[in-house]
Amino acid sequence: MTKNSRAFYSVPYVLWLGLFVLAPMLLILYQSFFDITGSLTFANYATYFSSGNYLRMTMNSFLYAFIITLVTFLISYPTALFLSRTQHKQLWLSLIILPTWINLLLKAYAFIGLFSQSGTVNQFLGFMGISPQQILFTDFSFIFVAAYIELPFMILPIFNSIEELNPSLIVASEDLGATRMQTLTRVIFPLTMSGVRSGFQAVFIPSLSLFMLTRLIGGNRVITLGTAVEQHFLVTQNWGMGSTIGVILIISMIAIMSLTSDKKKKGRGAK
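Residues numbered from 1 in each chain as written. Predicted model: local features only at pLDDT ≥ 70, side-chain atom pairs only at ≥ 80, totals over all residues. Heavy atoms only, no water.

An unreviewed UniProt entry lists the protein under the name ABC transporter permease, with Trichococcus shcherbakoviae subsp. psychrophilus given as the organism. The protein has a UniProt comment under Sequence similarities (unreviewed entry) that states "Belongs to the binding-protein-dependent transport system permease family. CysTW subfamily." As recorded by UniProt, the Subcellular location (unreviewed entry) comment attached to the protein reads in full: "Cell membrane". (UniProt positions renumbered as here; feature names shortened; annotations may be inferred.)

Here's what the structure looks like:
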């Protein structure tokens, strides 16, 4: 392929990147330097870094994102390992992917029906002789639903990395006397870290800016930066402050992607 043809075929990608990625980010950055009256100011950033509320929201966002990612990983890795050793893999993968086709709002309302005081879970508890429990509007319900929604995005990259693993390496490990646990921890897991990193990025980064689930499932008990952005844009109409928080989120996401990227591949590419 010639340079001219490569340049021609890259035009749609460059246009898409410019119009739907770079342009919105630049607009958010530009808007962050204006206050609610439309005056140019740096006060939004000063307010963010000097306010205990915003810093607490930041800590909450990272904490909840980490817990959601950890829970998702602990479920996804054994699941991906099990799927890689079963028949009809594509069928099972399709069943895992299927929930992603359902609208997020519909899934949230479905869980409201399950976890409410008169919902299916409490009806089952009542049948077992246990009094109704407050499940909805708790940290547990928020983390549970968020982890359920993000689960396929962790399973798929881990499954793909396990599938790409050379089976002879596992056989060699067992032939050398390693137990199954030793083979898992010293051979399989280190060699599938690329999938784990991809899954971490795919789950942690979106979890930082969740806002719909914090309202519908968390009942505003869970306050994150995503909730603050929604409030500033839709309620207080302070687009400048909302954009400032958006800039902080974008910088955080870029930093996370940089920290979790495969540095070995970069080093080999540079050579």
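Student: How would you explain the UniProt feature "domain: ABC transmembrane type-1" (unreviewed entry) in the protein if you had to name every residue and give the values?
Tutor: In the numbering adopted here, UniProt assigns the feature "domain: ABC transmembrane type-1" (unreviewed entry) to residues 58–260. For residues 58–260, the end-to-end C-alpha separation is 20 Å, with 76% helix and 0% strand making up the annotated structure. (Helix = DSSP H or I, 4+ residues; strand = E, 2+ residues; numbered from the N terminus.)

Student: How would you summarise the nonpolar core if you had to cite specific residues and measurements?
Tutor: With 34 residues, the main nonpolar core has Ile68, Phe142, Val145, Ile158, Leu213 and Ile217 as its most contacted residues. Where this core is concerned, the elements lending two or more residues are helix H3 (52–83), helix H4 (89–97), helix H5 (104–115), helix H7 (139–163), helix H10 (193–208) and helix H11 (212–216). Broken down by element, this core gets its largest block of residues, 11 residues, from H7. Formed by 15 residues, the second largest nonpolar core is a distinct cluster that contains Tyr54, Met57, Ala65 and Leu208. (Core = buried A, V, L, I, M, F, W, Y, C linked by side-chain atoms within 4.5 Å. Buried < 20%, exposed > 50% of the residue type's maximum accessible area, 1.4 Å probe, protein only.)

Student: Run through the environment of Ser141, naming residues and quoting values.
Tutor: Considering the arrangement of structural elements, one finds Ser141 in helix H7. Expressed as a C-alpha distance, the spacing of Ser141 and Phe115, which sit 26 residues apart in the sequence, is 7.8 Å. In contact with Ser141, not counting residues within four places along its chain, are Phe115, Ile135, Leu136 and Ile217. (Contact = heavy atoms within 4.5 Å.)

Student: Account for helix H2 (residues 43–50), with residues named and values stated.
Tutor: Burial in H2 covers these residues: Asn44, Tyr45 and Tyr48. The buried residues of H2 occupy an angular sector of 95° when the element is viewed end-on, so they sit on one face. (Arc of directions from axis to C-beta.)

Student: Describe the environment of Leu83, and please don't skip the residues or the numbers.
Tutor: Assignment of secondary structure puts Leu83 in helix H3. A residue is classified by how much of its surface remains accessible, and Leu83, at 4% relative accessible area, is buried. In sequence terms Leu83 and Ile162 are 79 residues apart; their C-alpha atoms lie 9.8 Å from each other.

Student: Explain the packing of H2 against H3 residue by residue, including any values.
Tutor: Packing of H2 against H3 leaves a shortest axis separation of 5 Å and a crossing angle of 70°. Our classification of the angle between H2 and H3 gives roughly perpendicular. Packed against H2, whose contacting residues are Thr47, Tyr48, Phe49 and Ser50, the element H3 presents Gly52, Tyr54, Leu55 and Thr58 at the interface. (Axes fitted to C-alpha atoms, helices over the stretch in contact; angles between N-to-C directions. Parallel < 35°, antiparallel > 145°, perpendicular 65-115°, else oblique.)

Student: So what's going on with the packing of aromatic side chains? Which residues, and what values?
Tutor: Following the criterion strictly, the structure yields 18 aromatic pairs and no others. Ring centres 5.4 Å apart and planes at 75° place the aromatic pair Phe33 and Phe42 in the edge-to-face group. Exposure remark for Phe33: the relative accessible area of 24% places this residue in the partly exposed category. Residue class for Phe42 comes out exposed when judged on its relative accessible area of 64%. Seen in terms of ring centroids, Phe73 and Phe189 are 6.3 Å apart; in terms of plane orientation they differ by 65°. Their pairing is edge-to-face. One end of the pair, Phe73, is in helix H3; the other, Phe189, is in helix H9 (residues 180–191), and 116 residues separate them in sequence. On the basis of relative accessibility, which here comes to 27%, the residue Phe189 falls in the partly exposed class. Ring pairing ties together the aromatic residues Phe111, Phe115, Phe140, Phe144 and Tyr148, which thus form one cluster. (Phe/Tyr/Trp six-rings, centres within 6.5 Å; stacked < 30°, edge-to-face > 60°.)

Student: Report on the pattern of salt bridges, specifying residues and quantitative values.
Tutor: When their charged atoms lie close together, side chains carrying opposite charge are able to pair. Applying the stated rule across the entire model yields two salt bridges. Across the salt bridge formed by Lys89 and Glu163, the nearest N and O atoms sit 3.2 Å from each other. Pair noted here: Lys89 is in helix H4 and Glu163 is in helix H7, with a separation of 74 residues, a long-range link. Given a relative accessible area of 38%, Glu163 falls into the partly exposed group. Note that Glu230 and Arg215 form a salt bridge whose closest N and O atoms lie 2.9 Å from each other. Residue Glu230 is found in helix H12 (residues 225–234), and its partner Arg215 is found in helix H11; the two are separated by 15 residues along the sequence. Classification of Glu230 by relative accessible area gives buried; the value is 15%. Residue Arg215 is classed as partly exposed on the basis of its relative accessible area, which comes to 28%. (Salt bridge = Lys/Arg side-chain N within 4 Å of Asp/Glu carboxyl O.)

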